[in-house]
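One-letter residues, chain by chain:
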Amino acid sequence: MKIVDARVIVTCPGRNFVTLKIVTDEGVTGVGDATLNGRELAVASYLRDHVAPLLIGRDPARIEDTWQYLYQGAYWRRGPVTMSAIAAVDTALWDIKGKVAGLPVYQLLGGRSREGVTVYGHANGETVEEVLVEVARYVDLGYRAVRVQCGVPGLPKTYGVSADKLFYEPADAALPSEATWSTPRYLSHVPGVFARVRDEFGPTLRLLHDVHHRLTPIEAARLGQSLEPYALTWMEDPVPADLQEGFRLIRQHTTTPIAVGEVFNSVFDAAQLIREQLIDYIRATVVHAGGITHLRRIFDLAALHHVRSGSHGATDLSPVCMAAALQLDISIPNFGLQEYMRHTAQTDEVFPHGYHYADGYLHPAETPGLGVDIDEEAAARYPYAPAYLPVNRLEDGTVHPW
Ligand code: CS2
Ligand code: MG
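All figures in this text were calculated on a predicted structure; none of them were measured in a lab.

What follows covers the overall build of the protein chain. On a plain count of helices and strands, the protein chain comes out with 13 helices and 16 strands. In terms of overall dimensions, the protein chain is globule-like: its C-alpha atoms have a radius of gyration of 20 Å, near the 21 Å expected for 402 residues. In terms of overall dimensions, the protein chain has C-alpha extents of about 60 × 45 × 45 Å along its principal axes. Sequence separation of at least 24 residues holds for 73% of the intrachain contacts in the protein chain that already meet a minimum separation of 6.

Encoded structure:
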């Protein structure tokens, strides 16, 4: 079998997605997600101009060899653009391998380790009262884990808090919008929100919170301490993770578990965090961390160090990424949680998929391969539209990590 075509499809059914479709001479096809939020066309060009020509004529069965060829052969290693492009190729090749074998990809990864993939949804509101209503909505839908984000009094708009419920889109403008941040206002407000949520929903509902990298290590340590009575499952992205040893300071002060990794693209972004057991959950995902092949390597390293998975699953991770993530989630020994932000009906129309939600779990498709495809005719009806994540500033105007 040989690869005869590798098409890059850019579509915007409510938000932008970049998808690679690999076609073989025997008619078997595979898909891979290549979406990099706000930088979509850079990956599309990388794939179209620099990767697709190298794939033609290759044997699609050689997944590991193709990964190494693209990673080592480029000379320029790592980085989100490169690793998203490699991820798309890798994911599409696993899809093809599954179809050729007549098995869902998870069977090729060692088979099931669990009955379903526990997911968490986003309950967010401007006020605590709104948050409580949103948490109840997820509990009613059967969710066992809920991420809680609340507006901060005195700040006009908080990232991760939106008017739309069940679905929302953080990339909200054709040029970046701006949000304002105040650490003192935030730190004084958040513990009270979790006190109310615990009070209302009891001790067993798993609660999570995303800090979006906005604190320094000592501020994060204080937040972690102040949240200890409410027994969070995790505090996410407490600080930017460029300085991995920064997490030591947080760790020395709090037992609130830490999750990080949605912007990671290589095992080397996480190696120190994992080896020193500075985190509890690694949130890298298929599309941004080099595909199934490389993410499995990260999860294996994590398994040796008591770190569990908690893959990113916001709306910018397409149904193709979600389908691939579920194949890994169901098979690895150290699965923790999977984020699940629902897609719009238009997105679901463009990406027909066989995975489904039931009673707090996602279940991967049982069909051969990943169990997802792209409807190219539907995709063509939604042309690319520039959209960026907001930029965050302190009250004095200083640009601040979002
Ligand atoms: C968030 C996302 O889902 C999350 O955990 O951090 O909203 C994230 O900011 C976006 O997916 C970035 O593309
Ligand atoms: Mg996050």
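Here the narrative resumes.
Okay, the coordination of the magnesium ion (ligand 2) next. Taken together, D210 (OD), E236 (OE) and E262 (OE) make up the full set of protein donors to the magnesium ion (ligand 2), lying 2.0 to 2.2 Å away. Read in sequence order, the donor residues coordinating the magnesium ion (ligand 2) give the pattern D-x25-E-x25-E. Residue E236 is found in strand β8 (residues 234-236), and its partner E262 is found in the loop between β9 (258-260) and α9 (267-275); the two are separated by 26 residues along the sequence. Each member of the pair, E236 together with E262, is buried.

All right, on to helix α11 (residues 319-331) then. For α11, with 13 residues, the first-to-last C-alpha span of 19 Å sits near the 18 Å given by 1.5 Å per residue. The buried fraction of α11 amounts to 13 of the 13 residues, a majority that puts the element mostly inside the structure. Two or three places before V320, at the start of α11, stands the capping residue S318, its side-chain oxygen 3.0 Å from that residue's backbone nitrogen.

This part is about the sheet that holds strand β16 (residues 399-400). Taken in spatial order, the three strands line up as β6-β15-β16 in an open sheet, and their pairing is mixed. The sheet terminates laterally at β6 (178-181) and β16, the two strands that pair on one side only. For strand β15 (residues 391-394) and β16, the ladder comprises two bridges, and the chain directions are antiparallel. Across the sheet, N392 pairs through a bridge with H400, a residue of β16.

Attention now moves to the environment of V117. Turning to its location among the elements, V117 is positioned in strand β4 (residues 117-125). Taking the relative accessible area as the measure of exposure, V117 reaches 0% and is therefore buried. For the pair formed by V117 and S162, sequence separation is 45 residues and the distance between their alpha carbons is 26 Å. Among residues more than four places away in sequence, those in contact with V117 are L326, D329, I330, F335, Q338, G360, Y361 and L362.

Three or more residues of helix α2 (residues 63-73) are buried, namely I63, T66, W67, L70 and Y71. Taken down its axis, α2 places every buried residue within 120° of arc, on the same side. Against α1 (40-55), α3 (80-101), α9 and α10 (291-303) lie the buried residues of α2.

With respect to spatial proximity, 16 residues lie near ligand 1, and among them N37, Y159, E262, D316 and E339 are the closest. Between ligand 1 and the protein, one listed contact pairs an oxygen atom with a side-chain N or O atom of E262 at 2.6 Å. D316 is positioned with one of its side-chain polar atoms (N or O) 2.7 Å from an oxygen atom of ligand 1. Counted by class, the shell around ligand 1 contains five nonpolar, four polar and seven charged residues.

So, about the packing of helix α6 (residues 183-201) against helix α7 (residues 217-227). When two helices pack together, you describe them by how their axes are tilted relative to each other and by the distance separating the axes. Between α6 and α7, whose axes approach to 9 Å, the crossing angle comes to 20°. Taken together, α6 and α7 sit at an angle that is classed as roughly parallel. Here α6 and α7 pass one another in a crossing that is right-handed. Along its contact with α6, which presents T183, Y186, L187, V190, P191 and F194, the element α7 presents E219, R222, L223, S226 and L227. Counted by class, the contact of α6 with α7 contains seven nonpolar, two polar and two charged residues.

Now for the domain arrangement of the protein chain. When its domains are assigned, the protein chain resolves into domain 1 (3-104) and domain 2 (108-366). Taken over C-alpha atoms, the centre of domain 1 sits 26 Å from the centre of domain 2. Taken over both partners, the interface formed by domain 1 and domain 2 buries close to 2,600 Å², and the fraction arising from carbon and sulfur atoms is 60%. If you sort the residues of domain 1 by the area they bury against domain 2, D33, W94 and P104 come out on top, with a joint share of 23%. If you look at where domain 1 meets domain 2, you find three salt bridges. Note that R15 is salt-bridged to E169, the shortest N-O span being 2.8 Å. At the boundary of domain 1 and domain 2, one finds 13 residue pairs in polar contact (both at pLDDT 80 or more).

Another aspect to go through is the pairing of β15. For β6 and β15, the ladder comprises four bridges, and the chain directions are parallel. Looking at the pairing, T180 lines up with R393 of β15. Between β15 and β16, which pair antiparallel in sequence order, lie four residues; one of them, G397, sits at a positive phi of approximately 100°.

In total, this model carries 24 salt bridges according to the counting rule given. Between E376 and R7 there is a salt bridge, with the nearest N and O atoms lying 2.8 Å from each other. Taken together, the positions of E376 in helix α13 (residues 376-380) and R7 in strand β1 (residues 3-11) put the pair 369 residues apart, joining distant regions of the chain. Overall, E376 belongs to the partly exposed group, its relative accessible area being 29%. On the accessibility criterion, R7 (31% relative accessible area) is partly exposed. Among the salt bridges present, the one from R393 reaches E178, with a minimum N-O distance of 2.6 Å. Of this pair, R393 sits in strand β15 while E178 sits in strand β6; the two residues are 215 residues apart in sequence, bridging distant segments of the chain.

Criteria and thresholds
Residues numbered from 1 in each chain as written. Chains lettered and ligands numbered in written order. Predicted model: local features only at pLDDT ≥ 70, side-chain atom pairs only at ≥ 80, totals over all residues. Heavy atoms only, no water. Helix = DSSP H or I, 4+ residues; strand = E, 2+ residues; numbered from the N terminus. Rg over C-alpha atoms; globule rule 2.2 N^0.38 Å. Contact = heavy atoms within 4.5 Å. Donors = N, O, S within 2.8 Å, 3.2 Å for Na, K, Ca; no water. Buried < 20%, exposed > 50% of the residue type's maximum accessible area, 1.4 Å probe, protein only. Expected span 1.5 Å × (residues − 1). Polar contact = N/O pair within 3.5 Å; in protein donor to acceptor, adjacent residues only side chain to side chain. Pairing = 2+ DSSP bridges. Arc of directions from axis to C-beta. Near = heavy atom within 4 Å. Nonpolar A, V, L, I, M, F, W, Y, C, P; charged D, E, K, R; others polar. Axes fitted to C-alpha atoms, helices over the stretch in contact; angles between N-to-C directions. Parallel < 35°, antiparallel > 145°, perpendicular 65-115°, else oblique. Left-handed = near helix turned anticlockwise from the far one by under 90°. Domains from an automatic or database assignment. Buried area = accessible area lost by both parts, 1.4 Å probe. Salt bridge = Lys/Arg side-chain N within 4 Å of Asp/Glu carboxyl O.

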